[in-house]
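Given next are the chains, with one letter for each unit.
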Amino acid sequence: MNVILRFLSVTLLFSFAISCQTEEETIVQDNAQSFLRNSPIAELLARTSQNPTSLDNVLDNSSCFSVQLPVTVIVNNQQITVTDEADYQTVQNAIDAFSDDDDIVNFVYPITIRYQNFQTQVLQDADDLDDVLDDCGDDDGFDEIDCISIVYPIVINIYDSNNQIANTVTITSNSNLFNFLNNLSNNTYVAINYPITAINSNGQTVTLNSNSALENFIDDSIDDCDDDNSGGGSGNNNFTTILTSGTWYVSYFQEDDDNETTMFSGYVFTFNNNGASTAVRNSITTAGTWSTYEDSGENKLELNFDGLALDEIEDDWRIIEFSVTQIRLKDVSGGDGSVDYLTFTKL
């Protein structure tokens, strides 16, 4: 009897191992569809599913959280009750009414704030608000992408390379998706079970069948969702001012679905107004050139450098979006359609 039990146990363990290995191969070996938490598609999905926090910046001057409405504020001795998004303009008008005032928005407490992950907190006074603002940290300048939406439910396959666990999860809401992505470990691969559907900025339903289709859908919607037009569609003049201000480093580089950021570790990039550029690492300077132009309605940044050390980023990159601290670029190969991402962050 013990021999039979041992045989059955070994058989079951072997079957389980084969099953997990099969699921691992399905998720991990299909690099075109699996991704990690720091990949561009994960960041785009997080911004699409987060609680919108930038719409009310006229009130709190922060994209770390939003203030739950209705709320009463006092601006230049004028009391304003903000009940919906249209009232944000009323607050802005009160701020702009005089040029010699303090333009400070004072809340009538208590107020309730809601973070990007949809959690709420009640603030009893201005000291509580200052504490929250101090904890928020720096803002990368990229807001939520809120004029499009994912149609739920969606199913996501999961594989953790640390403990060999494969699983699936059903996502039913924006808060589910944002917190799922936000809580992923660095070693967890996930893959969306396509097809999925989404609603574009015109209210139309679209079907998406791959990561590349989903990335393109969100990237192309950024300008439509960006109220202050800080993205790539705001023109090359503003972009040039930002690019030529200060020094930059490569904070992310993806080539053919592989994260190759370490290739550029230690490089410091400078872009001059005359179209010249330099990349310095270990006291060695590599000269280069840069230029911007428009192609079929897309703003492009073309990079060239001497030698071969930086040839991986020599390309005509599409400017997806930019802020004063970060520039996101993308290139789609005209041959096999593979997608590369390049992100510069200001030092």
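Residues numbered from 1 in each chain as written. Predicted model: local features only at pLDDT ≥ 70, side-chain atom pairs only at ≥ 80, totals over all residues. Heavy atoms only, no water.

Participant: Got a minute to help me understand the state of the cysteines in this structure?
Facilitator: Note on terminology: disulfide describes a covalent bond linking the sulfur atoms of two cysteines. One pass over the structure, following the stated rule, counts 2 disulfides. Residue Cys 64 pairs covalently with Cys 136 via a disulfide, S to S 2.3 Å. Taking the torsion about the S-S bond as the criterion, the Cys 64 to Cys 136 disulfide, at about -85°, is left-handed. Linking Cys 64 in the loop between helix H3 (57–60) and strand S2 (65–67) with Cys 136 in helix H5 (residues 126–136), this pair joins segments that are 72 residues apart in sequence. You can call Cys 136 partly exposed: its relative accessible area is 23%. With a sulfur-sulfur separation of 2.0 Å, Cys 147 is cross-linked through a disulfide to Cys 225. Across the S-S bond linking Cys 147 and Cys 225, the dihedral sits near -80°, which makes this disulfide left-handed. Residue Cys 147 is found in the loop between H5 and strand S8 (149–150), and its partner Cys 225 is found in helix H7 (residues 211–225); the two are separated by 78 residues along the sequence. Using a relative accessible area of 6% as the deciding quantity, one classes Cys 225 as buried. (Disulfide = S-S within 2.5 Å. Helix = DSSP H or I, 4+ residues; strand = E, 2+ residues; numbered from the N terminus. Buried < 20%, exposed > 50% of the residue type's maximum accessible area, 1.4 Å probe, protein only.)

Participant: I tried to follow H7 on my own but got confused; where do I start?
Facilitator: The α-helix advances 3.6 residues per turn, and as a result positions three or four apart in sequence lie on the same side. For H7, built from 15 residues, the straight-helix expectation of 21 Å at 1.5 Å per residue is met to within 8% by its first-to-last C-alpha distance of 20 Å. Along H7, the residues that are buried comprise Asn 211, Leu 214, Glu 215, Phe 217, Ile 218, Asp 219, Ser 221, Ile 222 and Cys 225. (Expected span 1.5 Å × (residues − 1).)

Participant: Is there a simple way to explain the nonpolar core in this structure?
Facilitator: Side chains of a nonpolar character, in soluble globular proteins, are inclined to be buried together. Ranked by size, the top nonpolar core spans 31 residues in total, and within it Leu 45 and Leu 214 carry the most contacts. For this core, the secondary structure elements donating two or more residues are helix H2 (40–49), strand S9 (154–160), helix H6 (174–182), strand S11 (188–192), strand S12 (196–199) and H7. Contact partners of Leu 45, with chain neighbours within four places excluded, come to Phe 35, Ile 150, Leu 177, Leu 181, Ile 192, Leu 214 and Ile 218. (Core = buried A, V, L, I, M, F, W, Y, C linked by side-chain atoms within 4.5 Å. Contact = heavy atoms within 4.5 Å.)

Participant: Is there a simple way to think about H2 in this case?
Facilitator: The buried count for H2 comes to 9 of 10 residues, which makes it a mostly enclosed element. When H2 is considered as a whole, its buried residues turn out to be Pro 40, Ile 41, Ala 42, Leu 44, Leu 45, Ala 46, Arg 47, Thr 48 and Ser 49.

Participant: Looking at this structure, I do not really get the environment of Leu 310. What am I missing?
Facilitator: Take Leu 310: it is sitting in the loop between strand S19 (298–305) and strand S20 (316–322). Residue classification places Leu 310 among the buried positions, given a relative accessible area of 0%. In this structure the C-alpha to C-alpha distance between Leu 310 and Met 263, which are 47 residues apart in sequence, comes to 9.0 Å. The residues touching Leu 310, leaving out its near neighbours within four places in the chain, are Phe 264, Tyr 267, Phe 269, Ala 279, Thr 286 and Phe 305.

Participant: In this structure, what is going on with the sheet that holds S2? I would like to understand it.
Facilitator: The strands making up a sheet are joined through hydrogen bonds of the backbone, oriented either antiparallel or parallel. Reading across from one edge, S2-S6-S7 is the order of the 3 strands in this open sheet, with antiparallel pairing throughout. The open sheet has two edge strands, S2 and strand S7 (120–123), and neither has a second partner. The average undirected angle you get between the axes of adjacent strands in this sheet is 30°. Summarising the sheet, S2 and strand S6 (residues 111–115) pair through 3 bridges and their orientation is antiparallel. Residue pairing across strands places Ser 66 opposite Arg 114, the latter belonging to S6. (Pairing = 2+ DSSP bridges. Axes fitted to C-alpha atoms, helices over the stretch in contact; angles between N-to-C directions.)

So yeah, pure geometry; function would need other evidence.
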